[in-house]
Amino acid sequence: MVQELLTALALTGAAGVTYVAAAAHVVRQYEKGVVLRFGRLRGQVRGPGFVMIVPGVDRIHKVNMQIVTMPVPAQDGITRDNVTVRVDAVIYFKVVDPVDAIIRVEDYRFAVSQMAQTSLRSILGKSDLDELLSNREKLNQGLELMMDSPAVEWGVTIDRVEIKDVSLPETMKRSMARQAEADRERRARIINADAELQASKKLAEAAAVMSDQPAALQLRLLQTVVAVAAEKNSTLVLPFPVELLRFLERAAPAQSAPHEASPSVALPRHPAVGTPLSESPSPNGISSILPDGNSEPTANWRAA
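Residues numbered from 1 in each chain as written. Predicted model: local features only at pLDDT ≥ 70, side-chain atom pairs only at ≥ 80, totals over all residues. Heavy atoms only, no water.

Observations regarding the overall build of the protein
Now for step 1: Check the secondary structure of the protein and you find eight helices and 11 strands.
Now for step 2: Relative to all contacts within the protein whose residues are 6 or more apart in sequence, the contacts with residues 24 or more apart total 57%.
Now for step 3: Total accessible area on the protein stands at roughly 21,500 Å², and carbon and sulfur atoms take up 57% of it. (Helix = DSSP H or I, 4+ residues; strand = E, 2+ residues; numbered from the N terminus. Contact = heavy atoms within 4.5 Å. Areas by Shrake-Rupley, 256 points an atom, 1.4 Å probe, with all protein chains shown as cover.)

Structure below.
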């Protein structure tokens, strides 16, 4: 009799432990519990802590209230200017109403993922390639607004959407590289032309100053000679100064006037041959008197 009583108590204790184990649930701090009794929403949302339900009658669904980071698979699309691109993104969202997240949608995570892919392809078709590459903030905001409207009905709010990478075809990359190179070359030519214009203006001003002071041109010539002579790997040919040439030009008429006024000298005849002597100029101003056909001098005459 006692043995049967102990067996019944053991079975009752085991059943009680099993019941408590099935009825007891722990909701974490970052979770909310939604209890359904016979498939019907029961009472309020259970907060974090120890929660008891009726096994076999109640069913609890724990909803994570943290911000979820979900990558969006890469999507192929065509931009508004007919360029094929491949874009991937990342989405940050969180559940604000656990009841709607359980009741209104079957799987809110899968629904948000599919909506993000659809919205990404839609925003690609409405944007140009330049906007996609240089104005991502505007596209991110438009993508966030496009996804936030239907997500609110599911008890989900979109915290942030970011476009991660934009992949272009190789032909488009080469075309963009050539375009960038041509633009840089154009800017370099404009800068060089502007520099030439400024240099020409300065040279014109310098030429005007040097024309008033001829000595300045000589000083500039000497500076150029010094600059070239610093490089000891070339031969320097120094020209005559312009002022020296002008001095020689002025001195030449003064020296030629006495020669024109001097009388002519009659050439004597050779006593033996009887032929006139020829006069050949000498470098020292003395004429050498030579007979025709004879290479030896017979008389020298000084030019008057």
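There is more to say, and it comes next.
Quick look at the nonpolar core
Now for step 1: Counting 34 residues, the largest nonpolar core has Val85, Ile91 and Phe93 as the members making the most contacts within it.
Now for step 2: With eight residues, the single largest contributor to this core is helix 3 (residues 108-125).
Now for step 3: With residues near it in sequence (within four places) discarded, Phe93 still touches Gln66, Ile67, Val68, Met70, Tyr108, Val112, Val156, Thr157, Ile158 and Asp159.
Now for step 4: The next biggest cluster of nonpolar side chains, apart from the first, holds five residues, and it includes Val35, Val51, Ile53 and Ile60. (Core = buried A, V, L, I, M, F, W, Y, C linked by side-chain atoms within 4.5 Å. Buried < 20%, exposed > 50% of the residue type's maximum accessible area, 1.4 Å probe, protein only.)

Some remarks on the sheet that holds strand 7 (residues 84-95)
Now for step 1: The strand order across the open sheet formed by three strands is 6-7-8, and the pairing between neighbours is antiparallel. Because the sheet does not close on itself, it has two edges, and the strands there are strand 6 (68-78) and strand 8 (156-167). On average, adjacent strands in this sheet sit at an angle of 25 degrees to one another, irrespective of strand direction.
Now for step 2: Two elements, strand 7 and strand 8, share 10 bridges in a ladder whose sense is antiparallel. Bridge assignment links Tyr92 to a residue of strand 8, and that residue is Arg160.
Now for step 3: Against the sheet, helix 3 contacts strand 6, strand 7 and strand 8, and its axis sits at roughly 35 degrees relative to strand 6.
Now for step 4: Against the sheet, helix 5 (residues 136-152) contacts strand 7 and strand 8, and its axis sits at roughly 140 degrees relative to strand 8. (Pairing = 2+ DSSP bridges. Axes fitted to C-alpha atoms, helices over the stretch in contact; angles between N-to-C directions.)

Comments concerning the environment of Gln66
Now for step 1: By the element assignment, Gln66 lies in the loop between strand 5 (58-64) and strand 6.
Now for step 2: In this structure Gln66 comes out as partly exposed when scored by relative accessible area, which is 40%.
Now for step 3: In sequence terms Gln66 and Val95 are 29 residues apart; their C-alpha atoms lie 7.4 Å from each other.
Now for step 4: Setting aside chain neighbours within four positions, we find Gln66 in contact with Tyr30, Phe93 and Lys94.

With respect to the confidence of the model for the protein
Now for step 1: Averaged over all residues, the pLDDT of the protein equals 77, while 80% of them reach at least 70.
Now for step 2: Taken together, the stretch residues 260-304 has pLDDT below 50 and engages in 50 contacts with residues farther than four places along the chain or on a different chain. (pLDDT = per-residue confidence, 0-100.)

Description of the pattern of salt bridges
Now for step 1: With the rule as written, the count across this model stands at 11 salt bridges.
Now for step 2: The residue Arg160 makes a salt bridge to Glu162 at a minimum N-O spacing of 2.7 Å.
Now for step 3: You can call Glu162 buried: its relative accessible area is 18%.
Now for step 4: Two residues, Lys173 and Glu170, come together in a salt bridge whose shortest N-O distance is 3.8 Å. Of this pair, Lys173 and Glu170 both sit in helix 6 (residues 170-212), three residues apart, which is roughly one turn of that helix.
Now for step 5: We classify Lys173 as partly exposed; its relative accessible area is 41%. (Salt bridge = Lys/Arg side-chain N within 4 Å of Asp/Glu carboxyl O.)

Section: the environment of Asn140
Now for step 1: Position of Asn140 among the secondary structure elements: in helix 5.
Now for step 2: When its relative accessible area of 5% is taken as the criterion, Asn140 is described as buried.
Now for step 3: Linking Asn140 and Ala89, residues 51 residues apart in sequence, is a C-alpha distance of 9.5 Å.
Now for step 4: Discounting residues that sit within four places of it in the chain, Asn140 has contacts with Val161, Glu162 and Ile163.

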